[in-house]
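Residue strings, one per chain:
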Amino acid sequence: MENNVDKLASVKNLLASLTLCCISACGGGGGADANVAPPTPTPPVVTVPPTVPVPETPIAPVTPVTPAQPDPVVPTKPGVIYPALTFTPSKVVEVMLLGESRVSKVQITLSSPATEPLFFRFFDPTGVLQLSSSVTQENNVTYTALITMPSTLSFGTYEGYMEIQVCRDAACSNPISYSRQLLPYSVSALHTIPVEFVNPISISESFYEGQAATTSGVLAAPSGQSKINLYITATDPKGVFIKTSDFRWNGDFMYEFTLKTVPSLASGRYRGNIEIRACRDLECSARYPVTTMSVPYDVEVRALSTLTALTRWPGVSDWQGERGNAQRTSYVPVTLDVSKFSRRWTWPIPGASYMHRTPMAISSNHVFLNAGAILYALKESDGSVAWSRDFGRDPFSSTSGDMLYVRTGTDDSRQVLYGLNASTGTMVFTSYSSFPKRDGYTIPPLWMKPMVSGGKLFHSVASGDTNGVQALEALTGTPLWFAPMTSATLQGSNLFSLDQGLSLADATTGTLQRTIATPEMMWTSTSASSLAPVAGAPGSIFGMTQPESASKTRKLVNFNVAQNKVAWSSTGTYGDNFAYAEGVVYVVDDATSMLEARAESDGKLLWSWEVPRRLISFAGTDILVTKNLVFVSFSGTTYALDVKTHQLVWTEPTGGVLSMSANGVLYISALGGSVVGFNVK
């Protein structure tokens, strides 16, 4: 019986213990509302103490150490409905200087509209950031918070979480349960601004007296740096470059800038360093410590004119007109040294438009070109005008020896060819021909540039209703024969012309011998002679088809004359002009901006070079070749490349129609309406 009593007492004691345990686990009762849960404990936040000592030499920012990550959102009690918060940005990232504070802007969005006035308190539970904030309500779901970072931080990078408590009053004495959420932060306090110079790391410029060079570049900056009270200046102690503070933040961690040289630099070589400084104000009266970077420069200012004595290359012919010679190759058989290049003179073309581009003819120490209806003869020695003549219509000129040939039209629908003394402009002969007519109507004539070879002058005329080529005595203008051809390129004793294929005629008699047909039209009767065939090695002739109307592509075609067939063709978006020298044909594909060097034997691409793209891509292309260099003028700039190494060896910011005299002067009939001569020997 006693044992049973003892057992009953033990059970009672056990039940009492369990009851006390349950009461303790439930918060002890005490009249608490059973429907309201107690606050959830704050998640642990690990603080990485910053490195306090301030070094005397520049120190890179301390690598941030990420603390243990708490749950980013404190879960709400099940069954309690309250709008959750989202933050934009989702993490506060700031970079600031020692002793400076920073204001971060954060947008708070509720998951559902607020039904009562709300207030927000931002605080760092670790005590690292002593925060102050102001919050403005934008609408019933959006608030904007301005959070001020303290100016008392020591050197280092701090990472953690700030807590946001939602309250029913400004003092937050009545916080809303289960509303606390976490917002991660990364704040760096630095000694100086860690900008890094990106591009260019050095500056190299070359230009002429009276001009100025402009260089653009960028400075890289870390995330958040755009918000620093930062001004950047560039100063050149030697005064070659103009001081600038125009560094523009592009929103992608980059400061863009432009540096310009002073326009009054005399010819010579200038070397120095540009100092890039980070300052607290626009005048740079207060600089940030250790923020000066040095950018070296090398500037060459070329003499505007170098009038050396003119001496003729032995065995080199005059540049008789378009493409230079009767073979239309644009080839000059000389070897050039670019270190000897210098500007000789510049002549502004009177009344020329920006897009004025005209071929030149050169002989008897004179350069011939037209400006509208006026033909000018310029002295090669200094660019002065020797004589000029108004022809009433735009003239086309070619030259040979001391004779100049000018082709133009008249008001009564006639074509006229003038022969003049090249040195004086004195008229030697005049030859007229009528425009061609068909069914009583005038049809467009050919405007082939005159071409001279072997004492004969070849130019385009009409015979009845047929356009063609006429041969005359070069000195007297006496007619010799007429042939129904559209153009004239000489190779040996034969003349070649393009139409629906390649036509061949005897250069002595004008007798048509045969035609190598092609599916594509090689020529139209109103085209300029820039599409005349180009003579390669004996028995090899090049031509260009008319461009396709939709794709603008065309074919570069090589004809094998001996086998009476097309040897090969290459398709591209080619311009009108191409050149030939020593088994290689050079052409530019306008769509890809590639200079192509193709083998004459089979059309294989030997090498190519990408022409730098410019804004004026519609300006056209011209090519001129010597034994060791190929010049290509494209979109307002002329480049010279070594034909063996394929490397760029010379650049001139002047582009246009190219020609070269037997006196060793390269001429560019330039965009902008000027003729520029360069000594090349």
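Brief notes about the overall build of the protein
At step 1: Scanning the protein for helices and strands turns up one helix and 50 strands.
At step 2: Residue burial in the protein is summarised as follows: out of 681 residues, 48% are buried.
At step 3: At a minimum sequence separation of 6, the contacts of the protein that also span at least 24 residues come to 55%.
At step 4: Looking at the protein as shown, the accessible area adds up to about 31,000 Å², and 54% of this sits on carbon and sulfur atoms.

Details of the state of the cysteines
At step 1: Inspection of every chain in the model, using the stated rule, returns one disulfide.
At step 2: One disulfide bridge connects Cys 167 with Cys 172, the sulfur atoms lying 1.5 Å from each other.
At step 3: Take Cys 172: its relative accessible area is 14%, and that puts it in the buried class.

Some thoughts on the pairing of strand 23 (residues 403-409)
In summary, the side chains of a regular strand alternate between the two faces of the sheet.
At step 1: Burial analysis of strand 23 places seven of its seven residues in the buried class, which makes it a mostly covered element.
At step 2: In strand 23, alternate side chains face the same way, and those of Met 403, Tyr 405, Arg 407 and Gly 409 on one face and Leu 404, Val 406 and Thr 408 on the other are all buried.
At step 3: Count of turn residues in the strand 22 (residues 396-400)/strand 23 antiparallel hairpin: two residues, of which Gly 401 carries a positive phi of about 60 degrees.
At step 4: Where strand 23 meets strand 24 (residues 414-421), seven bridges bridge the pair, whose relative direction is antiparallel. Bridge pairing links Tyr 405 to Gly 419 in strand 24.
At step 5: Once strand 23 ends, the chain turns through four residues before running back antiparallel as strand 24, passing Ser 413 with a positive phi of about 60 degrees.

Describing the pairing of strand 50 (residues 674-679)
At step 1: For strand 50, a buried count of six out of six residues is recorded, marking the element as mostly surrounded by other parts of the structure.
At step 2: Here strand 50 shows two buried faces, one formed by Ser 674, Val 676 and Phe 678 and the other by Val 675, Gly 677 and Asn 679.
At step 3: Relative to strand 50, strand 17 (residues 342-348) runs antiparallel, the two sharing six bridges. Within the sheet, the bridge partner assigned to Ser 342 lies in strand 50 and is Asn 679.
At step 4: The pairing of strand 49 (residues 665-670) with strand 50 spans six bridges and is classified as antiparallel. For Ala 670, the partnering residue across the bridge sits in strand 50 and is Ser 674.
At step 5: Linking two consecutive strands that pair antiparallel, namely strand 49 and strand 50, is a turn of three residues; a positive phi of about 100 degrees is found at Gly 672 within it.

Some points on the sheet that holds strand 19 (residues 366-371)
At step 1: Spatially, the four strands line up as an open sheet ordered 18-19-20-21, and their pairing is antiparallel. The outermost strands of the open sheet, each flanked by one partner alone, are strand 18 (361-363) and strand 21 (385-390). When strand polarity is set aside, the average angle formed by the axes of neighbouring strands in this sheet is 20 degrees.
At step 2: When strand 18 meets strand 19, the two strands line up antiparallel, connected through three bridges. Its bridge partner lying in strand 19, Ile 362 is registered against Val 367.

Comments concerning the packing of aromatic side chains
At step 1: Scanning the model with the defined rule gives 18 aromatic pairs in all.
At step 2: When the ring of Phe 368 is compared with that of Trp 387, the centres are 6.2 Å apart and the planes differ by 50 degrees; the resulting orientation is tilted. Here the residue Phe 368 occupies a position in strand 19, and Trp 387 occupies one in strand 21, the gap between them amounting to 19 residues.
At step 3: On the basis of relative accessibility, which here comes to 10%, the residue Trp 387 falls in the buried class.
At step 4: Taking the centre distance of 6.4 Å and the plane angle of 65 degrees together, the rings of Tyr 586 and Trp 607 count as edge-to-face. A residue pair is termed long-range when its members are at least 10 positions apart, and Tyr 586 in strand 41 (residues 584-589) and Trp 607 in strand 43 (residues 605-610) qualify at 21 residues. Judged on exposure class, the residue Tyr 586 and its partner Trp 607 are both buried.
At step 5: Each member of the aromatic cluster is reached from another via a ring pair, and the members are Tyr 208, Phe 341, Phe 631, Trp 650 and Phe 678.
At step 6: Across the ring face of Phe 578, the terminal group of Arg 323 is positioned such that the distance to the ring centre comes to 4.9 Å.
At step 7: The aromatic ring of Tyr 208 is capped on one face by Arg 343, whose charged end is 3.7 Å from the ring centroid.

A few points about the sheet that holds strand 8 (residues 181-190)
At step 1: With mixed pairing, four strands are arranged side by side in an open sheet as 2-8-7-4. Because the sheet does not close on itself, it has two edges, and the strands there are strand 2 (92-97) and strand 4 (119-123). Across this sheet, the average inter-strand angle for adjacent strands is 25 degrees, counted without regard to direction.

Observations regarding the side chain of Thr 144
At step 1: As for its position among the elements, Thr 144 is in strand 6 (residues 142-149).
At step 2: The buried category is assigned to Thr 144, whose relative accessible area is 14%.
At step 3: In this structure the side chain of Thr 144 is engaged in a polar contact, spanning 2.8 Å, whose partner is the side chain of Glu 138.
At step 4: Once residues lying within four places of it in the same chain are set aside, the contact partners of Thr 144 are Lys 105, Val 106, Ser 134, Val 135, Thr 136 and Glu 138.

Some thoughts on the pattern of salt bridges
At step 1: Tallied over the entire structure, the rule returns 12 salt bridges.
At step 2: One salt bridge in this structure joins Asp 318 and Arg 312, with 3.1 Å as the shortest N-O distance.
At step 3: You can call Arg 312 partly exposed: its relative accessible area is 46%.
At step 4: Each of the salt bridges in this network shares a partner with another, and the network as a whole consists of Arg 269, Arg 271 and Asp 298.

Describing the nonpolar core
At step 1: Among the nonpolar cores identified, the biggest contains 35 residues, and Leu 336, Phe 631 and Met 660 are the most heavily contacted of them.
At step 2: When contributions to this core are tallied by element, the ones reaching two or more residues are strand 17, strand 19, strand 20 (374-379), strand 45 (629-634), strand 48 (656-660), strand 49 and strand 50.
At step 3: Leave out the neighbours within four places in its chain, and Leu 336 touches Trp 313, Phe 341, Thr 626, Asn 628, Leu 629, Phe 631, Met 660 and Val 680.
At step 4: Counting residues in hydrophobic clusters, the runner-up holds 27 residues, among them Leu 110, Val 128, Met 162 and Ala 189.

Reading the values: the criteria
Residues numbered from 1 in each chain as written. Predicted model: local features only at pLDDT ≥ 70, side-chain atom pairs only at ≥ 80, totals over all residues. Heavy atoms only, no water. Helix = DSSP H or I, 4+ residues; strand = E, 2+ residues; numbered from the N terminus. Buried < 20%, exposed > 50% of the residue type's maximum accessible area, 1.4 Å probe, protein only. Contact = heavy atoms within 4.5 Å. Areas by Shrake-Rupley, 256 points an atom, 1.4 Å probe, with all protein chains shown as cover. Disulfide = S-S within 2.5 Å. Pairing = 2+ DSSP bridges. Axes fitted to C-alpha atoms, helices over the stretch in contact; angles between N-to-C directions. Phe/Tyr/Trp six-rings, centres within 6.5 Å; stacked < 30°, edge-to-face > 60°. Lys NZ or Arg CZ within 6 Å of the ring centre and 35° of its normal. Polar contact = N/O pair within 3.5 Å; in protein donor to acceptor, adjacent residues only side chain to side chain. Salt bridge = Lys/Arg side-chain N within 4 Å of Asp/Glu carboxyl O. Core = buried A, V, L, I, M, F, W, Y, C linked by side-chain atoms within 4.5 Å.

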